[in-house]
Amino acid sequence: MPLVVAGAGMAGLAAAARARELGAAVVVHEKGDRAGGSMLLSSGVVWRHRSLAEFHEECPGGDPALQRVVVDGLDEALDWLEGLGPPVLERETGNPRTVGRRFDTRGLTAALVRAAGDVRLGEAFADAHVLATGGFAARLARERDLLLRANRWSEGDGLAYGLARGADLSAGMDEFYGRNLPGPVEEEDFVGASQLYGVHALVLGEDGRPFFDREPSWSETDLVLATARQPGGAAWYVLDARALRQPTRYGTVADLVERARALGGDVRPGEELPFELPPSPKLQEAPFVAVRVRASVTHTIGGLRIDPQARVLDAEGTPIGGLYAAGADAGGIFTGGYGSGLAAAVVFGRIAAETAVEELALLG
Ligand SMILES: Cc1cc2nc3c(=O)[nH]c(=O)nc-3n(C[C@H](O)[C@H](O)[C@H](O)COP(=O)(O)OP(=O)(O)OC[C@H]3O[C@@H](n4cnc5c(N)ncnc54)[C@H](O)[C@@H]3O)c2cc1C
């Protein structure tokens, strides 16, 4: 019987490619009409924190045993990915806290699909050995009335299947990683539309009241989660002239604001806000500009509980025979913070394949 993989995104394709490399017959079921999942839409930066200590400091609620697997396994996984032939666009992340490589995501998807072999599009899985359906971002966004900044098929099907087989849940089921966007945007604008400069803004709710009274983390995930808790998941970023001149990785703040405007966002002079601006050290140099942002969901943080061999665990911590999970279907790695979903997906996708090939052979 072939190894059955659910999902043709980063984790599922990596699992399938690795299992084939180990000599197994593999079938990948993909619900969407294309392969690549959210990986195809991503910036393609596959990265890790520099050390386990830094990873754990950043994601304090995550399971250190799983975090160690990512830190220890990523460099080999990156070489393996590169060996499949996709274009590598950058060999550094541009962030001193992290190391990794940036891949062209079309090229990466094509290379992984080639290596994975039998990928059946438009076919949701019925039964599977390896769950890699990308978590439940689409369902969470719908239920909480947030924007979706991810593939539209990840509804939590792997999670539901795992639960039905007796799986336990990880920590962080109410957490997600996302970005504040100027409004709904097309998939090709998911990266460029991100308003990643909250650190320079006076952040106010739609009622004009501050709701985030500290500096955001460098990833601004904490600010996005706080925005998501506001009515309508919306907020105003108010910027003074000095803030607009600040550089970001994607141009100046003013460039990102212009992108928001071009994409149909609500960008207006500060004096046209429906409330009085409160005095703030962030508002020193007129004129002031306000951008309305809405929280979006990129991927969920909680999921099925796994062990370092990617085996799905029940509430007693016992592996459920013949069931493995990787990528956003496997939770509890990034709880409380932010890390590379692509890295966890490729590392645990490969491990799921290795464990499954070994264990399923033993089971006959
Ligand atoms: C705009 C954007 C930028 C990003 N940038 C980065 C970045 O630079 N670095 C980084 O590390 N991460 C980034 N990410 C996150 C990253 O893409 C995800 O963490 C990663 O793709 C997760 O891998 P996965 O395999 O779990 O899910 P996915 O890659 O999303 O794959 C899941 C697949 O499962 C399929 N599926 C769902 N349900 C079923 C079902 N019932 N049956 C069969 N198939 C099913 C889906 O259609 C999908 O193809 C970004 C994401 C986005 C959207």
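Going by the structure above, here's the rest.
Residues numbered from 1 in each chain as written. Predicted model: local features only at pLDDT ≥ 70, side-chain atom pairs only at ≥ 80, totals over all residues. Heavy atoms only, no water.

Participant: Tell me about the overall build of the protein, and please be specific about residues and values.
Facilitator: Looking only at helices and strands, one finds 11 helices and 19 strands in the protein. For 364 residues, the compact-globule estimate of 2.2 N^0.38 gives 21 Å, and the protein sits close to it at 21 Å. In terms of overall dimensions, the protein has a C-alpha envelope of 70 × 40 × 40 Å along the principal axes. When burial is assessed residue by residue, the protein has 56% of its 364 residues classed as buried. In the protein, 74% of the contacts between residues at least 6 apart in sequence involve partners at least 24 apart. Roughly 14,900 Å² of accessible area belongs to the protein as shown, and the carbon and sulfur atoms make up 51% of that amount. Taking the average location of the 36 positive side-chain charges in the protein and that of its 50 negative ones, the two points are 2 Å from each other. (Helix = DSSP H or I, 4+ residues; strand = E, 2+ residues; numbered from the N terminus. Rg over C-alpha atoms; globule rule 2.2 N^0.38 Å. Buried < 20%, exposed > 50% of the residue type's maximum accessible area, 1.4 Å probe, protein only. Contact = heavy atoms within 4.5 Å. Areas by Shrake-Rupley, 256 points an atom, 1.4 Å probe, with all protein chains shown as cover. Lys, Arg positive; Asp, Glu negative; His and termini not counted. Charge placed at Lys NZ, Arg CZ, Asp CG, Glu CD.)

Participant: Break down the sheet that holds strand β18 (residues 311-313) for me, with residues and values.
Facilitator: Within the open sheet, the 6 strands sit side by side as β6-β2-β1-β7-β19-β18. Their pairing is mixed. Either end of the sheet is taken by a strand with one partner, and the two such strands are β6 (119-121) and β18. Pairing between strand β1 (residues 3-6) and strand β7 (residues 130-131): 2 bridges, direction parallel. Paired with V5 across the two strands is V130, which belongs to β7. The strands that helix α1 (residues 10-21) touches are β1, β2 (26-30), β6 and β7; relative to β2, the one it contacts most, it runs at about 170 degrees. (Pairing = 2+ DSSP bridges. Axes fitted to C-alpha atoms, helices over the stretch in contact; angles between N-to-C directions.)

Participant: Can you lay out the nonpolar core for me, pointing to particular residues and giving the numbers?
Facilitator: Judged by nonpolar contacts, the single largest core of 85 residues is most densely connected at M10, V46, L81, L112, L131, V346 and F348. Looking at this core, the element that brings in the most residues is helix α11 (residues 341-363), giving 11 residues. Discounting chain neighbours no more than four positions away, the residues touching L81 are M10, P86, F103, L108, L112 and V346. Judged by nonpolar contacts, the second largest core, of 19 residues, contains A201, L239, A243 and V293. (Core = buried A, V, L, I, M, F, W, Y, C linked by side-chain atoms within 4.5 Å.)

Participant: Quick one: what's the story with the layout of surface pockets, residue by residue and with numbers?
Facilitator: Each pocket or cavity is described by its volume, and for the second largest pocket that value is around 370 Å³. In terms of lining, the second largest pocket is formed by 19 residues, of which the most central are L40, L41, S42, T105 and V191. Breaking the lining of the second largest pocket down by element, the ones donating at least two residues are α2 (37-41), β4 (88-90), β5 (98-103) and α5 (105-116). Its residues assigned to classes, the lining of the second largest pocket comprises 7 nonpolar, 4 polar and 8 charged. (1 Å grid on protein atoms, 1.4 Å probe; cavity = no way out; pocket = protein on both sides within 12 Å on 5 of 7 lines; lining within 4 Å. Points joined across faces, edges and corners; volume = space filled by probe spheres on them. Nonpolar A, V, L, I, M, F, W, Y, C, P; charged D, E, K, R; others polar.)

Participant: An account of the site of the ligand is requested, with residue identities and associated values reported.
Facilitator: Of all residues adjacent to the ligand, which total 37 residues, the nearest are E30, V45, D157, A328 and S340. Between the ligand and M10, the relevant distance is 3.2 Å, taken from an oxygen atom to a main-chain nitrogen or oxygen of the residue. Within the side chain of D157, a nitrogen or oxygen atom sits 2.7 Å from a nitrogen atom of the ligand. Across the complex, the protein chains shield 97% of the 1,000 Å² of accessible surface that the ligand would expose by itself. Elements with a contribution of two residues or more to the shell around the ligand: α1, β2, α2 and α11. In the shell around the ligand, the residues fall into 15 nonpolar, 18 polar and 4 charged. (Near = heavy atom within 4 Å. Polar contact = N/O pair within 3.5 Å; in protein donor to acceptor, adjacent residues only side chain to side chain.)

Participant: Describe helix α10 (residues 253-262), listing the residues and the values that go with them.
Facilitator: Listing the buried residues of α10 in full gives V253, L256, V257 and A260. Buried residues of α10, seen end-on, are gathered within an arc of 100 degrees and therefore sit on one face of the element. Residues of α10 that are buried sit in contact with β12 (234-239), α9 (241-244), β13 (247-248), β14 (251-252), β15 (267-269) and β16 (289-297). Following α10 by one or two positions, G264 adopts a phi angle in the positive range, close to 90 degrees. (Arc of directions from axis to C-beta.)

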